[in-house]
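# Results of the structural survey
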Amino acid sequence: MKIGIYPGSFDPVTNGHMDIIERASHLVDKLIVSVLINPRKNAGLFSLGERIDMLKEATSHLANVEIDSFSGLLVNYAKYKGASIIVRGLRAVTDLEHEMQMAQINKNITPEVETIFLVTRAQYSFLSSSAVKELALFQGDYHDLVPYNVKDKLKDKFNKEDVKWITADAVK
Ligand code: PNS
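The written sequence of each chain sets the order in which its residues are numbered from 1. Residues qualify for local features only when their pLDDT is at least 70, as the model is predicted, and side-chain atom pairs are given and counted only at 80 or more; totals for whole chains, interfaces and linings, by contrast, use all residues. Excluded from the side-chain calculation are hydrogens and water; included are all heavy atoms of the structure.

Turning our eyes to something else, we now look at the overall build of the chain. Strands here are runs of E lasting at least two residues and helices are runs of H or I lasting at least four, both read from the DSSP assignment and numbered beginning at the N terminus. Along its length, the chain carries 6 helices and 5 strands. Across the chain, helices and strands are ordered from the amino to the carboxyl terminus as β-α-β-α-β-α-β-α-β-α-α. Using C-alpha atoms as the atom set, the radius of gyration is obtained and then compared with a globule rule of 2.2 Å times the number of residues to the power 0.38. The C-alpha radius of gyration of the chain comes to 16 Å, within 12% of the 16 Å expected for a compact globule of 172 residues. Taking all 172 residues of the chain together, the buried fraction comes to 46%. Contact definition: two residues touch when any of their heavy atoms are within 4.5 Å. For the chain, the proportion of contacts with a sequence separation of at least 24, taken over those separated by at least 6, is 76%. Here, Shrake-Rupley sampling with a 1.4 Å probe gives the accessible areas, and only protein chains in the shown set may cover a residue. In the form shown here, the chain has an accessible surface area of approximately 9500 Å², with 53% of it arising from carbon and sulfur atoms. Buried, partly exposed and exposed residues are distinguished by accessible area as a fraction of the type maximum, computed with a 1.4 Å probe on protein chains only: under 20%, between the cut-offs, and over 50%, respectively.

Here it is as structure tokens:
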């Protein structure tokens, strides 16, 4: 069984991520979308549980996609899960330097795990979780950029008084 891992922060999952998840799910028998557990407290907008729930709901139509979370080194987690492929999306050349470095470090530590890159559809090349959060914070239109369930969650988050003070630092 060919198992792939699509790791990320997913704070929150966007339609760009969904594009990669759907396409990667056709390339492997099982795709594990795994959310990085950030050791820094209060990091990000959504909690780990919220990110996982949003991903589960948004991918419920994809039978071979499983949602999980991990901490520590990605390659150790991949080995633990029996995965031979790490999937990453590339939006533009600006992503390449960082992604190549991560892939090369991972390859160096664990030669048996391959990183593959899927090029994001052009319509999502500008899209990031950070951009979506900024649009939501400043009441911009982000409706075509995230799955329907994430739209509602963002609306809830930014309608609450207690996040009105959120600073640019908090919006990754
Ligand atoms: O969505 P992101 O934030 O671009 O995802 C980054 C992620 C989670 C893939 C990366 O930070 C990661 O793999 N973290 C785990 C630590 C690790 O294995 N680092 C070694 C590569 S430098």
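Before going further, it helps to examine the side chain of N106. Within the secondary structure layout, N106 lies in helix α4 (residues 93-109). N106 has contacts with L74, V75 and I86, leaving out every residue within four places of it along the chain.

With that settled, the discussion passes to the sheet that holds strand β1 (residues 3-8). What the 5 strands build is an open sheet, ordered β3-β2-β1-β4-β5; its pairing is parallel. The open sheet has two free edges, formed respectively by β3 (65-70) and β5 (114-119), since each of these has just one partner strand. When strand polarity is set aside, the average angle formed by the axes of neighbouring strands in this sheet is 30 degrees. Judged from the 6 bridges that link them, strand β2 (residues 30-36) and β3 form a sheet pairing that is parallel. If you follow S34 over to β3, its bridge partner there is D68. Think of it this way: DSSP has to see at least two bridges between two strands before they count as a pair. Axes, fitted as lines to C-alpha atoms, cover a helix only where it is in contact. Angles between the N-to-C directions of the axes lie from 0 to 180 degrees.

Let's shift gears to the pattern of salt bridges. Salt bridges are defined as contacts in which a side-chain nitrogen from Lys or Arg sits within 4 Å of a carboxyl oxygen from Asp or Glu. Applying the stated criterion across every chain, the model contains 11 salt bridges. Where E114 meets K107, a salt bridge forms, and the shortest distance between an N and an O atom there is 3.0 Å. Of the residues examined, K107 reaches a relative accessible area of 31% and is grouped as partly exposed. Ionic contacts of the salt-bridge type, sharing partners, join the residues K30, E66, D68 and K81 into one network.

Moving on to the site of the ligand. Proximity is defined per residue: if any heavy atom of the residue lies within 4 Å of a molecule or strand, that residue is considered near it. Near the ligand you find 13 residues, and of these G8, S9, L73, L74 and R88 are the closest. Any pair of nitrogen or oxygen atoms within 3.5 Å is treated as a polar contact; in protein, a donor-acceptor pairing is required on top of that, and neighbouring residues in sequence qualify only through side-chain atoms on both sides. Between L74 and the ligand, the recorded distance is 2.8 Å, taken from a backbone N or O atom to an oxygen atom. Here an oxygen atom of the ligand and a side-chain polar atom of R88 are 2.9 Å apart. Taken by itself the ligand offers 550 Å² of open surface, and the protein chains cover 73% of this.

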